[in-house]
Amino acid sequence: GKVGIIGVPFEKGQKKFGVELGPDAIRNAGLLKDLTTLDLDVKDFGDIDYYPETTGDIINMPHLSHVAACTKNLSNRVQEVMNENRVVVTLGGDHSVSVGTIDVLWVDAHADLNTNITSNSGNVHGMPVALLTSELSDYWPHLPGMDWQKPMLSIRNVAYIGLRSVDRYERLVIEKFGITAFGMEDVERYGIHDVVHMALSRIDPHCNKSLHVSFDIDSLDPLEAPSTGTPVRGGLSLREAIHLMEEVHRTHRLNAIDLVEVNPKIGDDNCVKLTTEAAIHVLQAALGHTRRGLKVPAGITD
Ligand code: DIR
Ligand code: MN
Ligand code: MN
Ligand code: MN
């Protein structure tokens, strides 16, 4: 298998400093080496840079010109990586970077479904699902600089796993559109294995679409991944997240994954270590690591 890594050191979708250091924190924790031991052909496409163009201001969306320019460049880079037939691994940065990729399974404590009108925080990392989906495009004003982004994704092709902090308007939208959403109580009730398969069968009943996973590290319990900007207690265990990703890998249809919201400025060194290690375990599982041990490479036994 072939993998392409893209770093997006972007923090302007929320207000805490440090999440822009996420890509390097994950790289420095050994991501490339750990993926190479999976016999993957891994290529690092470096970090996204951008120059914000001055655009009109939109109420309750500070830094829109930065979000627009960064996600546009990311979207082009993702295309470049896909053209090399590589699975794209996008390292955030905050979750607003997912506007530049297309996502189906949204693993998160939060629904990220606000518009500039419904958001209490004005943080764009709480808005990417609303920006990505065609059904919600009518709820947005014209966003200067974002014209390149056509909401190609239908809300029917999005499934959430791990929700436990959903705003009132987000809940309204989830109910109005019947969005597939498995919260933590569903993980309790059915177990993570059944939740993944129910989610996949809702968004892709014929098992023929390519799959995108947008993984917010705050889906994990803060005891497992403390270095993140908006932690919510009572989350997924790392075991559950690894299992989720192993099942995703088994579909053989994963072609993009975002790993976002790692903030190495939050917590002490041990917190950062726990969080970056968790991120790497999740990515390795998605890309074929198995807890039963790897196979001896072909050619050695035969
Ligand atoms: C909240 C929190 N719903 C907001 N969202 C977060 O600001 O829109 N998303 N933290 O990751
Ligand atoms: Mn998120
Ligand atoms: Mn989140
Ligand atoms: Mn380990």
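Throughout, a residue's number is its position along its own chain's written sequence, starting from 1. To label them, take the chains in the order written and letter them from A, then take the ligands in the order written and number them from 1. Where local features are concerned, this predicted model is filtered to residues with pLDDT of at least 70; where side-chain atom pairs are given and counted, the filter is 80 or more; whole-chain, interface and lining totals use all residues. To get the side-chain values, all heavy atoms of the structure are used, and hydrogens and water are removed first.

(A) A look at the coordination of the manganese ion (ligand 3). Binding of the manganese ion (ligand 3) to the protein goes through D108 (OD), H110 (ND1), D216 (OD), D218 (OD) and D218 (OD), at separations of 2.2 to 2.5 Å. Coordination here is defined by N, O and S atoms within 2.8 Å of the metal (3.2 Å for Na, K and Ca), and since water is not considered, a site can look incomplete. Between the donor residues of the manganese ion (ligand 3), the gaps in sequence give the motif D-x1-H-x105-D-x1-D. A gap of 3.2 Å separates the manganese ion (ligand 3) and the manganese ion (ligand 2), which D108 links by coordinating each metal. On the criterion of sequence distance, the pair formed by H110 in the loop between β4 (105-107) and α4 (128-132) and D218 in the loop between β7 (211-216) and α8 (238-250) is long-range, its members being 108 residues apart. In this structure, H110 and D218 share a single accessibility class: buried. Starting at the N terminus, helices and strands are each numbered in turn, a helix being any DSSP run of H or I of at least four residues and a strand any DSSP run of E of at least two. Relative accessibility thresholds used throughout: buried, under 20% of the residue-type maximum; exposed, over 50%; partly exposed, between the two (1.4 Å probe, protein chains only).

(B) A look at the pattern of salt bridges. Salt bridge criterion: a side-chain nitrogen from Lys or Arg within 4 Å of a carboxyl oxygen from Asp or Glu. The full count for this structure, using the stated rule, is 14 salt bridges. A salt bridge links E11 to K12; its shortest N-O distance comes to 3.0 Å. Accessibility expressed as a relative area gives 14% for E11, which makes it buried. Of the charged contacts in the structure, one is a salt bridge between R27 and D24, with a shortest N-O distance of 3.0 Å. Within this pair, R27 and its partner D24 are both found in helix α1 (residues 22-28), separated by three residues, close to a single helical turn. Note on D24: relative accessible area 39%, which makes it partly exposed.

(C) Looking closely at the site of ligand 1. A cutoff of 4 Å decides nearness: a residue is near a molecule or strand if any of its heavy atoms lies inside that distance of it. The immediate surroundings of ligand 1 are formed by H110, D112, N114, S121, H125, G126, D167, E170, D216, D218 and T230. H125 places a polar side-chain atom, nitrogen or oxygen, 3.5 Å from a nitrogen atom of ligand 1. Within the contact set of ligand 1, a nitrogen atom lies 2.9 Å away from a side-chain nitrogen or oxygen of T230. For every accessible area listed, the method is Shrake-Rupley and the probe measures 1.4 Å; residues are considered covered only by the protein chains on display. For ligand 1, the protein covers 90% of the area, taking 320 Å² as the surface of the free molecule. In terms of residue class, the shell around ligand 1 is made up of no nonpolar, six polar and five charged. Pairs of N or O atoms within 3.5 Å make up the polar contacts considered here, provided that, within protein, one atom can donate a hydrogen while the other can accept it, and that residues adjacent in sequence are counted only when both atoms are side-chain atoms. Ten residue types, Ala, Val, Leu, Ile, Met, Phe, Trp, Tyr, Cys and Pro, are classed as nonpolar, four, Asp, Glu, Lys and Arg, as charged, and the remainder, Gly among them, as polar.

(D) Seen up close, helix α7 (residues 192-203). Over its twelve residues, α7 extends 17 Å from the first C-alpha to the last, a length consistent with the 16 Å expected when each residue adds 1.5 Å. Listed as buried for α7 are I192, V195, V196, A199, L200 and I203. In a view along the axis of α7, the buried residues occupy a sector of 125°, so they form one face of it. In this description, contact between two residues means that some pair of their heavy atoms is separated by no more than 4.5 Å. Packing partners of the buried residues in α7 comprise β4, β5 (159-163), β6 (180-183), α6 (184-190), β7 and α8. Expected span of a helix: the number of residues minus one, times 1.5 Å. Within this analysis, the arc is defined by the directions that extend from the helix axis to the C-beta atoms.

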